[in-house]
Amino acid sequence: MPRPNTAGQHRNRADRDWLLRCYTLRASDSLAAAVVMYAVPLLVLTLTHSPGWAGLAFLLEWLPRLVAVAGAGPIIDRYSPRTAVLTTSLLRGAGALATLIGLTLGAGAWLVLLFGVLAGMLAEAAYLANEAVAAEAGRRAGERAHRVQAVFTGTDQAALLIGPLIGGLLLLTGPALLLVTVAILSAVTATVAASVRTHRPHLHVVTDPVAGHPLASLATGMGTLRRTPALAWLVGALACVNLASGLLQVSAPITVTRTLHHSTAAVGTVWSIAAALSLAAVAVAHRAIDHFGLFTVGATAAAAMCTATLASALAPNLPLYATTIALLMAGEGAVTVVLRTARARLIPDRAFGATLATTVLLVLAPLPLAGLLVALWPTGHLNLLVVATGVLVSTGTFTCFRGLRTHRSSWEHPHDADRPLMAA
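Residues numbered from 1 in each chain as written. Predicted model: local features only at pLDDT ≥ 70, side-chain atom pairs only at ≥ 80, totals over all residues. Heavy atoms only, no water.

## Regarding the overall build of the protein chain
Along its length, the protein chain carries 15 helices and zero strands. Within the protein chain, the proportion of its 424 residues that are buried is 55%. The long-range fraction of contacts in the protein chain, counting pairs at least 24 apart against all pairs at least 6 apart in sequence, stands at 86%. Summing over all exposed atoms, the protein chain offers an accessible surface of approximately 18,000 Å²; the carbon and sulfur share of this is 70%. (Helix = DSSP H or I, 4+ residues; strand = E, 2+ residues; numbered from the N terminus. Buried < 20%, exposed > 50% of the residue type's maximum accessible area, 1.4 Å probe, protein only. Contact = heavy atoms within 4.5 Å. Areas by Shrake-Rupley, 256 points an atom, 1.4 Å probe, with all protein chains shown as cover.)

## Notes on the environment of Thr395
The topology assignment puts Thr395 in helix α15 (residues 382-406). Thr395 gets classed as partly exposed once you look at its relative accessible area, which sits at 47%. Distance in space between the C-alpha atoms of Thr395 and Cys306 is 9.2 Å, their sequence separation being 89 residues. Within the structure, Thr395 has its side chain in polar contact with the backbone oxygen of Val391 (distance 3.0 Å). (Polar contact = N/O pair within 3.5 Å; in protein donor to acceptor, adjacent residues only side chain to side chain.)

## Quick notes on the confidence of the model for the protein chain
Confidence in the prediction for the protein chain averages 79 pLDDT; 82% of positions are at 70 or higher. No element of the protein chain has a lower mean pLDDT than helix α7 (residues 203-207), at 36, and none a higher one than α15, at 92. Here residues 201-211 scores under 50 on pLDDT; set against residues more than four positions off or in separate chains, the count is 12 contacts. (pLDDT = per-residue confidence, 0-100.)

## A look at the packing of aromatic side chains
Evaluated as defined, the whole model comprises three aromatic pairs. Ring geometry for Tyr23 versus Phe152: centroids 5.1 Å apart, planes at 65°, classification edge-to-face. Here Phe152 lies in helix α5 (residues 145-171) and Tyr23 lies in helix α1 (residues 6-48), a separation of 129 residues in the sequence. Aromatic pair Phe295 and Trp411: ring centres 6.4 Å apart, planes at 50°, arrangement tilted. Of this pair, Phe295 sits in helix α11 (residues 294-312) while Trp411 sits in the segment after α15, and the two are 116 residues apart along the sequence. Trp411 matches Phe295 in its accessibility class, with the two residues each being buried. (Phe/Tyr/Trp six-rings, centres within 6.5 Å; stacked < 30°, edge-to-face > 60°.)

Right, here's the structure in full:
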C-alpha cells in the first residue's frame, strides 16, 4: 500500500493554521479601529452640534493617518508586517489606558479627541501591515487569491457592521468603557500578532540607508506606479471609491439628523444595515469572480456604487436613504475584493511595503478631502455637493476601468473564472 504523505498533510495543516491566525489578527485590529473611527466623529457632533466641526474633525482625523501611512511603509520593509501590527496594537492599548487615567484625573474632552487622532494614525499603520499580510496570504493561495481577499474584505466589513453598534452603546455610558474596550481589543491583537510569522524582507532592503526614509519610500512607490500602468489605474479606481464612501460617511450624520430629522442612533443603524449588506456582497463576490472573472465583477459593482452615490442625494426619507447607503457599501465591498486581488498581483515583492504605502496613501487621500468639502460647503446645500461628487466619481471610475481593461492580462488570470474571459 502507498504510504500517506504525512509531510504534505502537516504542511497543509500548518498553512491553514497560519491563515486562520491572519484572519483573527485582521478581525481584532479592524474592530478596534472601527470602534474608534465611528465613535469620535459622532461624539464631536454630539458635543458641538455643528456640522462644520464634524467635517473638520473628519479632516483632522484623516490627515495624520496619511502621515502614518507614509512612515509605516519603510518599517514594514525594514522589519516585518508582524512587527508593525504588534507595535501599533501595543501603542494603541497604552494610549487608551493613558487617556482613561487622564480623564479620571479631570482632563477634558480634548483628550478624547487627541486619542482619536493617535488611534487613527496607529490604525492606518496597522492596516498597511495587515494589507501586507493579506498580500502574502494571497500569493500563497495562488489562483484562489481572490477567495482569501474576500475573507479579509469580509472581515473589514464585519468590523464596520459591529463597530458602530459597539461605539454607540459604549458612548451611552461615557468614554471610559469605550477606552477599556479598545485597550482589550488591542491586547488581543498584540497577542495574536506575536504568534503570526510573516515574510522578512531581504537584507539589501534592511541595510540600505535610504530605504527607511519616508520620502525615499514614496519615491520608490511612485517609480513602481510609473512602470506599472495597470497599478496606477487601479489606484485611481480605489481613490474614486473612497471619495464617494468618505463623503457619505462624513455627511450621513448631518443628513440623517438635520435633513431627515432623526436621532444620532439612526446614524449607526444606517451604517450597520449597510455594512451587513456589504458583508453579503463580499460573500457573493468571490463566487461571482469564479464564474465571470475579476474585471466583469469589478465593473458591475463600481457601476452600482456610482449609481447609489447619486441616488443618495435624492432620497426623501430615511428608508430610501438607508437603501442607497447599503447599495453603495455593497458595491464598494465587491469592488474592494477585485481591486485588492489585483493590487497584490501587481506590486512586486521588492520594496513591497514602500510601494504598498504609496498606493494606500494615494487611495486614502480623498478621505480628508471629503471632510474638508463638507466643512466648507453650506449645510443647506449638502445634496448638491453629493450630486457633484457623484458625477465626478462616476466619470473617474469609468476612466480608470477603461485603463484597467487595456492592461487586463497583467492582473486578471484566465483561471479566475471557470469560463473564458468575457469580452468587455
